Amino acid sequence: MRRNSAEDSMRVNRRTFLSRTAMGVGGVALGSLLNPALLNAATRGGVNPLHHPPRAKRVIWLTMAGGPSHLETLDYKPALAAMDGKLMPESLTKGQQLAQLQGQKLVCFGPQTRFKKYGQSGAEICDLFENIGSVADELCIIRSMTTDAINHDPAHMFMNTGSQIAGRPSMGSWVLYGLGSESEDLPGFVVLTSLGRGGQNQPIAARQWSAGLLPSRYQGVHLRGKGDPVLYLSNPPGVSRDQQRDVVQSVNAINSGFDALVDDPEIATRIIQYEMAFKMQVGVPDLMNIAAEPKSILDLYGCQPGDGSFASNCLLARRLAERGVRFIQLYHKDWDHHDGVKEGITLKAEEVDRACAGLILDLKQRGMLEDTLVVWAGEFGRTPMSQGGNGRDHHNKGFSIWLAGGGIKPGFSFGRTDEFGYAAVENVVTVHDLHATMLKLLGIDHLRFSVKFQGLDARLSGVEPCRVVNEILA
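Residues numbered from 1 in each chain as written. Predicted model: local features only at pLDDT ≥ 70, side-chain atom pairs only at ≥ 80, totals over all residues. Heavy atoms only, no water.

**Points about the overall build of the chain**
Here comes step 1: Broken down by element type, the chain carries 13 helices and 16 strands.
Here comes step 2: Expressed as a percentage of the 474 residues in the chain, the buried residues total 54%.
Here comes step 3: Pairs at least 24 apart in sequence give 78% of the contacts found in the chain among residues at least 6 apart. (Helix = DSSP H or I, 4+ residues; strand = E, 2+ residues; numbered from the N terminus. Buried < 20%, exposed > 50% of the residue type's maximum accessible area, 1.4 Å probe, protein only. Contact = heavy atoms within 4.5 Å.)

**Digging into the packing of aromatic side chains**
Here comes step 1: Summed over all chains, the structure comprises 10 aromatic pairs.
Here comes step 2: Over the aromatic face of Phe412 sits the side chain of Lys409, whose NZ or CZ is 4.5 Å from the ring centroid. (Phe/Tyr/Trp six-rings, centres within 6.5 Å; stacked < 30°, edge-to-face > 60°. Lys NZ or Arg CZ within 6 Å of the ring centre and 35° of its normal.)

**Considerations on helix α6 (residues 152-161)**
Here comes step 1: Counting buried positions along α6 yields eight of 10 residues, so the element is predominantly enclosed.
Here comes step 2: Of the positions making up α6, those classed as buried are His152, Ala155, His156, Met157, Phe158, Met159, Asn160 and Thr161.
Here comes step 3: Taken together, the buried residues of α6 touch β1 (58-64), α7 (171-179), β7 (327-332), β10 (391-395), β11 (399-404) and α13 (431-441).
Here comes step 4: Where α6 ends, the next residue or the one after it, Gly162, has phi of about 80°, a positive value.

**Describing the nonpolar core**
Here comes step 1: Grouped together as the largest cluster of nonpolar side chains are 57 residues, with contacts concentrated most on Leu62, Phe129, Phe310 and Trp402.
Here comes step 2: Beyond its immediate chain neighbours, meaning those up to four positions away, Leu62 contacts Phe310, Leu330, Cys356, Leu359, Val374, Val375, Trp376, Ala377 and Trp402.
Here comes step 3: In this structure, Val59, Val175, Ala377 and Ala458 belong to the second largest nonpolar core, which totals 49 residues. (Core = buried A, V, L, I, M, F, W, Y, C linked by side-chain atoms within 4.5 Å.)

**What about the layout of surface pockets?**
Here comes step 1: A volume near 370 Å³ is recorded for the second largest pocket.
Here comes step 2: Every residue lining the second largest pocket is counted, 20 residues in all, and those nearest its centre are Gly162, Ser163, Arg168, Gly462 and Val463.
Here comes step 3: Breaking the lining of the second largest pocket down by element, the ones donating at least two residues are α6 and β16 (456-458).
Here comes step 4: Considering only residue class, the lining of the second largest pocket consists of eight nonpolar, seven polar and five charged. (1 Å grid on protein atoms, 1.4 Å probe; cavity = no way out; pocket = protein on both sides within 12 Å on 5 of 7 lines; lining within 4 Å. Points joined across faces, edges and corners; volume = space filled by probe spheres on them. Nonpolar A, V, L, I, M, F, W, Y, C, P; charged D, E, K, R; others polar.)

**Describing the sheet that holds strand β5 (residues 189-194)**
Here comes step 1: Spatially, β6-β5-β7-β1-β8-β11-β4-β12 is the arrangement adopted by the eight strands of the open sheet, whose pairing is mixed. Each of the sheet's edge strands pairs with one partner strand only, and the pair in question is β6 (221-223) and β12 (412-414). Shown here is a sheet whose adjacent strand axes are inclined to one another by a mean of 20°, direction ignored.
Here comes step 2: Most of the contacts of α6 go to β7, to which it runs at about 160°, and overall it touches β1, β7 and β11.
Here comes step 3: In this fold α13 packs onto β1, β4 (139-145), β7, β8 (372-377) and β11, with an angle of close to 155° to the strand it touches most, β1. (Pairing = 2+ DSSP bridges. Axes fitted to C-alpha atoms, helices over the stretch in contact; angles between N-to-C directions.)

**A short note on the state of the cysteines**
Here comes step 1: Scanning the entire structure with this criterion turns up zero disulfides.
Here comes step 2: We note that Cys356 lacks a disulfide partner, and the nearest cysteine sulfur, in Cys314, lies 5.2 Å from it.
Here comes step 3: We classify Cys356 as buried; its relative accessible area is 1%. (Disulfide = S-S within 2.5 Å.)

**Observations regarding unusual backbone geometry**
Here comes step 1: For the peptide bond that leads from Asn48 to Pro49, omega is 5°, which places it in the cis range.
Here comes step 2: Summarising the element assignment, Pro49 is placed in the loop between α2 (36-40) and β1.
Here comes step 3: Although it is not a glycine, Asp334 sits at a positive phi angle of roughly 90°.
Here comes step 4: If you trace the backbone, Asp334 turns up in the loop between β7 and α12 (341-365).

**Considering the environment of Arg366**
Here comes step 1: Checked against the element boundaries, Arg366 lands in the loop between α12 and β8.
Here comes step 2: Judged by relative accessible area, which is 34%, Arg366 ranks as partly exposed.
Here comes step 3: With residues near it in sequence (within four places) discarded, Arg366 still touches Glu293, Ile297, Arg318 and Glu322.
Here comes step 4: A polar contact of 2.7 Å, which involves the side chain of Arg366, links it to the side chain of Asp362. (Polar contact = N/O pair within 3.5 Å; in protein donor to acceptor, adjacent residues only side chain to side chain.)

What follows is the structure, given as structure tokens:
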């Protein structure tokens, strides 16, 4: 049956529109490969202009996965030492949620490490962490952190996303969504992982750096510390970079035409990610080549090129920060000390102490600490009661973290737990408070930073009341 002229006109116009759109956007895609400034315009964040003058431009989040014991690291409790071996006061623990100690006899377990005062601030820190102690006057120690979760995976979810329910964006994705990226050839949100030597290396699910309900272009990219940092990063044998550029241009032209038809944000993500992958083929090998660093810098961190250690990842974090990456998250595993907490903490100090201090000193000497927010935190703390005689169970009612740089008050301690280190009792800080404070330092008002999801305003800082912890801001 013959179509009428109006139908023919509409069909020609649609075909012409799609072909021209494909050529146009495909041209932009190629142009951005040749001229990074074009792509930079597309990576500005959703918060523009910022709500507040920013103090920090980027975040380096050091995740001590497994739950560090605050009682052997940052929160010395002489009263707990005096009660060692005696029953824990029931007034503190009755009716309280515990993990593996629920329903068992609760016996006080004194601190298993020695503490020392460091710096002009007199911060009390475990003396196994002498390098971190040497930069104590750069740190703000919060000893009154709390969290809602008491087991590893939901606690990581809560610390990373503000929710124990999977599917919410990670904080790195929120920050990238709000601020965009300054990097030309690297993702704006990068994750690095390392293993400890104690054998408690629980897996970390990739959903911890998921974009959740945000477009997937904002998800974190995991770079491996050993072997190829990204699988299939190199071109196959016989494929030149020019040929690869032609493939990317052609694929993006097709995707652009389809995007014009269906207007799907995931297709736009696909276009951007093809371009980013092409650029990463040059940017990532250069980034990972820490052998190019002076010996003095390698010694500062205590790392060897290619060893996949936490120390190497700290050096990579500085290199990522220099290259404009907005959010850098390091996971160091093996902090889950249900037994042998003294031996475990000794191992962890050997693995992270020098590198953490080296990162702070390196950032400072490069003039980057003042606009880089560094956070050291686990997903929860450990019980003041013993487990198995020489370990500690999971604990969410009081634990410690530290922050540095990026507008944080240096040489400062905030908050307090009770005399046993069981519960935060003064200046309590929640995970949502921490997220709100982090966003404030980046120039974002957490109450005005949301996306619509299922008819509600989803926020990193959640829907329950929380606050910016202004007391810890410089």
